[in-house]
Amino acid sequence: MEHFEKYESYIPFDLTNPRNFIIASLVLLAIVIFRYLLVAGLFWLAFYKNSSPAIKNRQIYATLPSRKNQLYEIKWSMYTSILFAVSGVLMGVMWQLGLTQLYLKFDQFGYWYLPVSLLVISIVHDFYFYWTHRWLHTPKIFKLFHSVHHNSITPSPWASFSFHPVEGLVQALALPVIILFIPAHPLALLIYLTFMTLSAVTNHLGFEILPRGSEQRLGKWIISGVHHGQHHRYYRYNFGLFYTFFDHLYSTEHPNFAKEYQQVFDKKAP
Ligand SMILES: [Zn+2]
Ligand SMILES: [Zn+2]
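None of these values were measured; they are calculated from a predicted model.

K.L.:
Help me get a handle on the overall build of the chain, residues and values and all.
P.N.:
Secondary structure summary: the chain contains 13 helices and zero strands in total. For 270 residues, the compact-globule estimate of 2.2 N^0.38 gives 18 Å, and the chain sits close to it at 19 Å. Along the three orthogonal principal directions, the C-alpha set of the chain runs to about 55 × 40 × 40 Å. The buried share of the chain, taken over its 270 residues, is 50%. Across the chain, the fraction of contacts at a sequence separation of at least 24, relative to all contacts at a separation of at least 6, is 77%. Between the centroid of the 21 positive side chains of the chain and the centroid of its 14 negative side chains there is a distance of 12 Å.

Spelled out as structure tokens, the structure:
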């Protein structure tokens with residue numbers, strides 16, 4: 001594990017050199033796209049290419065999104081991947097210049113802080129996402145920058161990064177801003193980024209992955225397919241990213257969330 005306590009393991013060269021910046025951005029772009037295709041692709045295979053009743057019984061919408069829609073989502077996700085890659089390298093530059101709260105020794109704040117930092121970052125990120133998302137829903141801004149994402153009324157796992165570049169930029173800036181203030185280990189951040197992809201894919205999957213009855217338990221606090229699916233269909237509700245806290249706090253959760261959650265499991269398999 002010592003390897004992960006060395007700065008050079010993460011940043012082997014001077015990122016302020018423009019040539020290195022471009023090379024690092026291209027390498028990171030390949031990684032971001034690969035991770036997106038891998039995670040979304042695995043869920044797509046497991047849920048869209050499998051007609052077993054156990055899977056079909058979790059399907060949220062009557063019909064699955066068309067091939068044309070899925071290709072549309074992949075196209076916009078590619079643009080967003082570029083922004084995510086550049087934002088990743090930007091974080092590296094900020095780290096190199098000593099502007100961030102990133103730290104290397106695993107036990108610098110105690111081992112307990114490693115999982116706690118992930119929790120804190122995810123809550124702060126959720127708050128940032130919630131309010132920027134509310135802003136994206138103001139009529140003028142929605143038309144300009146957020147309609148790309150909402151063109152998927154019944155999204156597929158490929159919609160997880162399907163954003164207009166301005167929305168992509170707003171989202172890509174979240175972590176660089178967060179690491180200015182919250183101490184984080186870079187390995188914890190890498191785990192967080194993968195968790196983000198996983199959460200984005202499952203929220204747009206079109207199938208509910210939490211168990212039956214979760215609307216009163218885990219699903220009451222954690223966002224999944226039914227919750228975010230309602231956002232795509234009803235627009236005015238369910239603005240959160242990972243948790244439902246802020247939708248509860250600001251009274252923006254869809255009033256029929258629990259009912260629609262149950263309906264997914266109660267319907268006869270199509
Ligand atoms: Zn929205
Ligand atoms: Zn969405």
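K.L.:
Describe the coordination of the zinc ion (ligand 1), and please don't skip the residues or the numbers.
P.N.:
Protein-derived coordination of the zinc ion (ligand 1) comes from His133 (NE2), His137 (NE2), His146 (NE2), His150 (NE2) and His231 (NE2), at a distance range of 2.1 to 2.2 Å. Between consecutive donor residues of the zinc ion (ligand 1), the sequence gaps follow H-x3-H-x8-H-x3-H-x80-H. Placement of His150 in helix H6 (residues 139–150) and of His231 in helix H11 (residues 225–234) is noted, with a sequence separation of 81 residues between them. Both residues of the pair, His150 and His231, belong to the buried class.

K.L.:
Talk me through the pattern of salt bridges; I want residue IDs and the actual numbers.
P.N.:
All chains considered together, the criterion is met by three salt bridges. Between Lys105 and Glu5 there is a salt bridge, and its shortest N-O distance comes to 3.3 Å. Of this pair, Lys105 sits in the loop between helix H4 (67–96) and helix H5 (113–136) while Glu5 sits in the segment before helix H1 (7–10), placing them 100 residues apart in sequence. Relative accessible area serves as the criterion here: at 46%, Lys105 is assigned to the partly exposed category. In this structure, the salt-bridge partner of Arg212 is Asp266, at a minimum N-O distance of 3.1 Å. Linking Arg212 in the loop between helix H9 (186–203) and helix H10 (218–221) with Asp266 in helix H13 (residues 257–266), this pair joins segments that are 54 residues apart in sequence. Its relative accessible area of 47% is what places Arg212 among the partly exposed residues.

K.L.:
Can you lay out the layout of surface pockets for me, pointing to particular residues and giving the numbers?
P.N.:
Empty space within the largest pocket amounts to approximately 1100 Å³. The wall of the largest pocket is formed by 50 residues, among which Leu28, Gly88, Met91, Leu190 and Leu193 lie closest to the centre. Space inside the second largest pocket adds up to approximately 210 Å³. In terms of lining, the second largest pocket is formed by Phe195, Leu198, Ser199, Thr202, Asn203, Ile209, Leu210, Ile222, Ile223, Ser224, Phe242 and Tyr243. Per-class residue counts for the lining of the second largest pocket are eight nonpolar, four polar and no charged.

K.L.:
Quick rundown of the packing of H5 against H6? Include the residues and the values.
P.N.:
Orientation of H5 relative to H6, taken along the N-to-C sense of each, is 115 degrees, at an axis distance of 8 Å. In terms of axis orientation, H5 runs roughly perpendicular to H6. In contact with His133, Trp135 and Leu136 of H5, H6 contributes Ile141, Phe142, Phe145, His146 and His150. Tallied by class, residues from the contact of H5 with H6 come to five nonpolar, three polar and no charged.

Definitions and limits used
Residues numbered from 1 in each chain as written. Chains lettered and ligands numbered in written order. Predicted model: local features only at pLDDT ≥ 70, side-chain atom pairs only at ≥ 80, totals over all residues. Heavy atoms only, no water. Helix = DSSP H or I, 4+ residues; strand = E, 2+ residues; numbered from the N terminus. Rg over C-alpha atoms; globule rule 2.2 N^0.38 Å. Buried < 20%, exposed > 50% of the residue type's maximum accessible area, 1.4 Å probe, protein only. Contact = heavy atoms within 4.5 Å. Lys, Arg positive; Asp, Glu negative; His and termini not counted. Charge placed at Lys NZ, Arg CZ, Asp CG, Glu CD. Donors = N, O, S within 2.8 Å, 3.2 Å for Na, K, Ca; no water. Salt bridge = Lys/Arg side-chain N within 4 Å of Asp/Glu carboxyl O. 1 Å grid on protein atoms, 1.4 Å probe; cavity = no way out; pocket = protein on both sides within 12 Å on 5 of 7 lines; lining within 4 Å. Points joined across faces, edges and corners; volume = space filled by probe spheres on them. Nonpolar A, V, L, I, M, F, W, Y, C, P; charged D, E, K, R; others polar. Axes fitted to C-alpha atoms, helices over the stretch in contact; angles between N-to-C directions. Parallel < 35°, antiparallel > 145°, perpendicular 65-115°, else oblique.

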